[in-house]
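Structural features, examined
Each chain is listed here by its residues.
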Amino acid sequence: MPLEGIKYMHFIGIGGIGMSALARYFNHLGIKVSGYDRLATELTKNLEKEGMTIYHQEDLNLLPAAIKEKAGSEEVMIVYTPAVPSEFTERHYFESLGISVFKRAEVLGMIAKTLKTVAVAGTHGKTTTTSLLAAFMKEAGFNFVGFVGGINENTGSNLIIQGKPEYLLAEADEYDRSFLHLHPDRAVLTSLDPDHLDIYGDAENMIETYELFCRDVKEELWLSEKISELMRKTSHKSYGFSESSTARAENVESSGKTFTFDFVMGGMIIEKLPLNIAGYHNVENCTGAIALALGMGIGKDHIRSALIKYQGVKRRFEYHINNENLIYIDDYAHHPSEIDAVLMSIRKMYPGKRITGVFQPHLYSRTRDFGEDFARSLAQLNELILLDIYPAREKPIPGIDSHWLLNKVQINKKEVCQKENLLTVIESKDPEIILTIGAGDIDQLVNPIKQYFNPTNL
């Protein structure tokens, strides 16, 4: 279906981070945007403020009249997220009438066909890397549209548009093999840990799909040195911290929540680059973003000035309290490797401090598939508060719940807690560092925790 001539877009699951960026893009073009989402969130409220029509009840009577009347014509496009099952009322309604509904990734692929495409893929690290590339492209004056899998602190949005786009910058989602729709000109692959085994079946199939993505890159492909060996069948350059990488970070220093490092590639050295977000893993992400940016013709001065201004992405090692009495960090980490990266950075930055972690597992299948790995990662905490599993698109799996996972975690101080009881449980603690982690709706607990631990109460 061509995008020209569309006057109405309807999104089933509009509140997802990828769906909402796409909705914002078409809203920016002057197309009338509407959508359903299960929950009213800060994000959906912002979309409404931007002029979109959104509702939260599963009721066909709430479909806008124009969508009902003109669905099936060239004026209307229906977009859904794979997180919404086929039996969902709205999706079933359109499909039963023979009306085409499109995955978000398909629509992004349609946009990519008309633009030079830069993609960032990987099981983790891609949101920060994408947002850094967006900062570099913006500073260098590129005309582009950027779809980021998180809310940028600098812009307050997951969509970045500058000028009349010649480039598409996209966070390439591996779920449901979505990234195979992009066919990028340039790409970065940040990581390759087994995930989404409900889709891929096993790690081998997942790696083969990533290889397809990598072989599709037309001009330049950068891979983290950690996964370079796994992708030997692809033509690529590597980045990381070791001298064997094509590009690397050296002389990494941290001071509180900020880092400085030298970027080295061949005979080129860019000294003492500032990175105003915490986490050693983010130094690596930044190294990959710089390597790709240089290949696009973005200069050293633009990179440095963009980094000076860069404030990061919400829920990526995000500080909410940072004083001598208490540190509170919130992060989107929902895979064992991501939890490892966050905890490694915290341990290096704050040696000896006790970490109380609040974790909300995301998906029954992921919890089951990586139970032992989650247990090992979470055992690095001094104290664990485990919330119930966030189901997202899934139905419960018998025997798999947070108590099942808790029993595997080999630390003394651990408990399962209902979301509504979390503040009561936290009141009984005396934390030095609080860490909330997870990809479900744990973010709704951030402000209540902040309010409880207001520095005036300490």
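Now for a look at the structure at hand. (Residues numbered from 1 in each chain as written. Predicted model: local features only at pLDDT ≥ 70, side-chain atom pairs only at ≥ 80, totals over all residues. Heavy atoms only, no water.)

Describing the overall build of the protein chain
Scanning the protein chain for helices and strands turns up 16 helices and 21 strands. Taking 2.2 N^0.38 as the reference for a compact globule, 458 residues should give roughly 23 Å; the C-alpha atoms of the protein chain span a radius of gyration of 22 Å, in line with that estimate. Expressed along its principal axes, the backbone C-alpha trace of the protein chain runs to roughly 65 × 55 × 45 Å. Counting all 458 residues of the protein chain, 55% fall into the buried class. Counting only contacts in the protein chain whose residues sit at least 6 apart along the sequence, the fraction spanning at least 24 positions is 66%. For the protein chain, the accessible area works out to roughly 19,100 Å², and carbon and sulfur atoms hold 47% of it. (Helix = DSSP H or I, 4+ residues; strand = E, 2+ residues; numbered from the N terminus. Rg over C-alpha atoms; globule rule 2.2 N^0.38 Å. Buried < 20%, exposed > 50% of the residue type's maximum accessible area, 1.4 Å probe, protein only. Contact = heavy atoms within 4.5 Å. Areas by Shrake-Rupley, 256 points an atom, 1.4 Å probe, with all protein chains shown as cover.)

Re the sheet that holds strand E2 (residues 32–36)
The five strands lie next to each other as E3-E2-E1-E4-E5, forming an open sheet whose pairing is parallel. Each end of this open sheet is capped by a strand with a single partner; those strands are strand E3 (53–55) and strand E5 (101–103). Direction aside, neighbouring strands of the sheet carry axes that sit 20° apart on average. Bridge count for strand E4 (residues 76–80) against E5 is three bridges, and the pairing is parallel. Paired with Val79 across the strands is Phe102, a residue of E5. Where helix H1 (residues 17–28) meets the sheet, it contacts strand E1 (8–12), E2 and E4, and its direction lies at approximately 170° from that of E1. (Pairing = 2+ DSSP bridges. Axes fitted to C-alpha atoms, helices over the stretch in contact; angles between N-to-C directions.)

Focus: the packing of aromatic side chains
Aromatic rings in a pair are described by how distant their centres are and how their planes are angled relative to each other. According to the stated counting rule, one finds twelve aromatic pairs in the structure shown. For the pair Tyr25 and Phe147, a centre-to-centre distance of 5.6 Å together with 65° between the ring planes defines the contact as edge-to-face. Taken together, the residues span a long stretch of sequence, with Tyr25 in helix H1 and Phe147 in strand E7 (residues 144–147) at a distance of 122 residues. Look at Phe147 and you get buried, because its relative accessible area is 6%. (Phe/Tyr/Trp six-rings, centres within 6.5 Å; stacked < 30°, edge-to-face > 60°.)

Some words on the side chain of Glu338
Within the secondary structure layout, Glu338 lies in helix H11 (residues 336–349). Buried charged residue Glu338 carries no salt bridge. Nearest counter-charge: Lys126, at 6.4 Å. Contact partners of Glu338, with chain neighbours within four places excluded, come to Thr123, His124, Tyr332 and Ala333. (Lys, Arg positive; Asp, Glu negative; His and termini not counted. Salt bridge = Lys/Arg side-chain N within 4 Å of Asp/Glu carboxyl O.)

Here we look at the environment of Asp185
Secondary-structure assignment places Asp185 in the loop between strand E9 (167–171) and strand E10 (186–189). Taking the C-alpha atoms as reference points, Asp185 and Ala112, separated by 73 residues in sequence, lie 10.0 Å from one another. Ignoring any residue separated from it by four or fewer positions in sequence, one finds Asp185 in contact with Leu115, Lys116, Thr117, Val217, Lys218, Glu219 and Glu220.

Some words on the pattern of salt bridges
Pairing of side chains with opposite charge becomes possible as their charged atoms draw close. With the rule as written, the count across this model stands at 22 salt bridges. Measuring nitrogen to oxygen at the nearest pair gives 2.6 Å for the salt bridge that ties Glu250 to Arg248. A salt bridge links Lys429 to Glu415, with the nearest nitrogen and oxygen atoms 2.7 Å apart. Of this pair, Lys429 sits in the loop between helix H15 (422–427) and strand E21 (433–438) while Glu415 sits in strand E20 (residues 414–416); the two residues are 14 residues apart in sequence, bridging distant segments of the chain. Several salt bridges share partner residues, and in doing so they unite Arg186, Glu219, Glu220 and Lys237 into one network.

A closer look at the pairing of E10
Residues Arg186 and Val188 line one face of E10 and the alternating positions Ala187 and Leu189 line the opposite face, and both faces are buried. Summarising the sheet, strand E6 (residues 116–121) and E10 pair through four bridges and their orientation is parallel. Looking at the pairing, Ala121 lines up with Leu189 of E10.

Here's the deal with the nonpolar core
Grouped together as the largest cluster of nonpolar side chains are 71 residues, with contacts concentrated most on Phe136, Ile290 and Leu378. Element by element, the count of residues in this core is highest for helix H9 (residues 280–295), at nine residues. Formed by 48 residues, the second largest nonpolar core is a distinct cluster that contains Met110, Leu159, Phe179 and Cys214. (Core = buried A, V, L, I, M, F, W, Y, C linked by side-chain atoms within 4.5 Å.)

Points about the pairing of E1
Of all five residues that make up E1, four are buried, and the element is covered over most of its length. Here E1 pairs with E4 via five bridges, running parallel. Note that in E4 the partner of Met9 across the bridge is Met77. Of the pairings in the sheet, the one linking E1 to E2 comprises five bridges and is parallel in character. Paired with His10 across the strands is Ser34, a residue of E2. Read from E1 through H1 to E2, the crossover connection turns out right-handed. (Right-handed = clockwise from strand over helix to strand, strands pointing away.)

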